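# Reading the structure
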Amino acid sequence: GQVRTVCASQLAGALNEVSRREVEENVTIAYEPVWAIGTGLTASPAIAQSVHAYLRAWLSEVYGPQVASQVRLQYGGSVTPETVDDIMACPDIDGCLVGGASLVADKFSRIFNFRQIAPVIPKVWAKEVLKCNNVLGESPIWSVAQQKLFWVSSSGMQLWEWDLQNQARHWQFSEVLGCIAFMHGGGILLGLEKSGLCEFDLAANTFSQICAFEEGLNTRPNDGRCDRDGNFVIGSYNNNHRGDGQDLGGLYRLDGQDGSLQEILDYRFRCSNCICFTPDGRTMFFCDTPTRRIYTFAYSLSGVLSDKTLLWEMPNHLEGGPDGAQCDQRGYLWATLSGAGQVVCISPNGEIDLEVMLPVKSPTSCTFGGATLSTLYITTRGPDGGGLYAVDLPTGIHGIPEPSFGSMNQTVSSAAIPARQAFY
């Protein structure tokens, strides 16, 4: 529990009166856990990456991002042929110090030649930060103004809120809650299975209907996010898609000014996911999960989506399918792979830039949060998951503020229906 405090103290002492230029050009920093010295034990890749990420963040805070990116960070905790691949896949570890038993010719050769085995995709490891026991966690959104995370337990029929410090709280509803968004001026937009798209007043603990959603179909709201202009784009879910395989669901845009609902995709599908937008708002991501393919579309405020382009297809060796996703400040997509136990960061060219590994099988969605939007928060589902997971991302990667649904000129309201509030 004292690793960061001790490392910060050692760095401050060792680099006292060392100039910014000297640090950038001449300094290499090595870290070895005390308990690994002479024991043959080694830190897990997750532990090693976590400490090195902190070292890089400390350097960035003291000397700036440019210097932090140039300093070489070495890990020296009993590196072996069995651990070197995963250690060297960590984005904040630039090299390893090899000694002791690993200097045996065979072992040293295998360590030295690790790059010849396979291309290295950087990895980081998420850990559970809140035991919320969600049946199906989904739709995380981060409020910059409130410094709080909101998300849903979809089939658990709950809306959750957490400030990262105190106890989380949740509101219990009486129907499946597919997704949420912030509303301009306060409140939460809800995608409810029976009541449709609704405005929820957290203070009054009531919601009122904005509009119905796919009445007459065996579908429900599933995945959705606000575009950069304050409209809510939402896709549906065929409740029986595993049984009938039918493409019933549609993709819609709820206008942030007049509350009208317009279908914006010229084909139907089974299970909407990966809905999010590039920083400039001109590209939208989308996936029909059973197809295991993520597409980009040209997005505009009028008409339907256009220029459908395959971005990435989930490889055959991975189980499951793409679920919820979010886009970072670079335009890279972070997609949860439900069933495969990971989140992948996909470049605009369709290449995997980084993998986030989880100890549970089914992450469901993700978003960026924290004071600098540089922590990735990940919802999960049971039976082995259900908790909220998080990981600090490598230096230079962060999200952008979540847009809010625009002010409504007019809404079609039904009688406000109370929701039960609970604390966890």
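Preceding this paragraph is the structure being described.
These remarks concern the structure in this document.

Rules used in this analysis
- Residues numbered from 1 in each chain as written.
- Predicted model: local features only at pLDDT ≥ 70, side-chain atom pairs only at ≥ 80, totals over all residues.
- Heavy atoms only, no water.
- Core = buried A, V, L, I, M, F, W, Y, C linked by side-chain atoms within 4.5 Å.
- Buried < 20%, exposed > 50% of the residue type's maximum accessible area, 1.4 Å probe, protein only.
- Helix = DSSP H or I, 4+ residues; strand = E, 2+ residues; numbered from the N terminus.
- Disulfide = S-S within 2.5 Å.
- Pairing = 2+ DSSP bridges.
- Axes fitted to C-alpha atoms, helices over the stretch in contact; angles between N-to-C directions.
- Salt bridge = Lys/Arg side-chain N within 4 Å of Asp/Glu carboxyl O.
- Parallel < 35°, antiparallel > 145°, perpendicular 65-115°, else oblique.
- Left-handed = near helix turned anticlockwise from the far one by under 90°.
- Contact = heavy atoms within 4.5 Å.
- Nonpolar A, V, L, I, M, F, W, Y, C, P; charged D, E, K, R; others polar.

Moving on: the nonpolar core. Grouped together as the largest cluster of nonpolar side chains are 30 residues, with contacts concentrated most on W334, V356, L376 and I378. Those elements that provide at least two residues to this core are β7 (148-153), β8 (158-162), β24 (342-346), β25 (352-357), β26 (363-369), β27 (375-380) and β28 (388-392). Counting residues per element, this core draws most heavily on β28, at four residues. With 29 residues, the next largest nonpolar core counts V23, A43, Y54 and V67 among its residues.

This part is about the state of the cysteines. Across all of its chains, the model carries zero disulfides by this definition. Considering cysteine sulfurs only, C327 is the nearest to C276, which forms no disulfide, with 5.6 Å between them. Look at C276 and you get buried, because its relative accessible area is 0%.

This brings us to the sheet that holds β26. With antiparallel pairing, four strands are arranged side by side in an open sheet as β5-β28-β27-β26. Strands with a single pairing partner mark the edges of an open sheet, and in this sheet they are β5 (127-130) and β26. The sheet shows a mean angle of 35° between the axes of neighbouring strands, direction not considered. Sheet analysis places β26 next to β27, joined by six bridges and oriented antiparallel. Looking across to β27, one finds that F368 is bridged to L376.

A separate point is the pattern of salt bridges. Applying the stated criterion to the full structure yields 17 salt bridges. A salt bridge links K123 to D86, with the nearest nitrogen and oxygen atoms 3.8 Å apart. In this pair, K123 is assigned in strand β4 (residues 123-125) and D86 in helix α5 (residues 84-88), connecting sequence segments 37 residues apart. Classification of D86 by relative accessible area gives partly exposed; the value is 32%.

This next bit is on unusual backbone geometry. Note on backbone geometry: most residues besides glycine have negative phi, and most peptide bonds are trans. A cis amide bond links G382 with the next residue in sequence, P383, at an omega value of 10°. Along the polypeptide, P383 turns up in the loop between β27 and β28. In the Ramachandran plot, Q147 falls in the positive-phi region, its phi being about 55° despite a non-glycine side chain. Assignment of secondary structure puts Q147 in the loop between β6 (137-143) and β7. Residue Q147 is classed as partly exposed on the basis of its relative accessible area of 30%. Within the chain, M157 stands out as a residue other than glycine whose phi angle is a positive 60°. With respect to the secondary-structure elements, M157 resides in the loop between β7 and β8. For M157, a relative accessible area of 27% gives the class partly exposed.

Turning to the packing of helix α1 (residues 3-14) against helix α3 (residues 45-63), a few remarks are in order. Two elements in contact, α1 and α3, have axes whose closest approach is 11 Å; the angle formed by their N-to-C orientations is 40°. Here α3 runs oblique to α1, going by the angle between their axes. Considering the relative orientation of α1 and α3, their crossing is right-handed. Only S50, V51, Y54, L55 and W58 of α3 make contact with α1, whose side of the interface consists of V3, R4, C7, A8, L11 and A12. The residue inventory of the contact of α1 with α3, partitioned by class, reads nine nonpolar, one polar and one charged.

Everything listed here is a matter of coordinates, which is why it stays silent on function.
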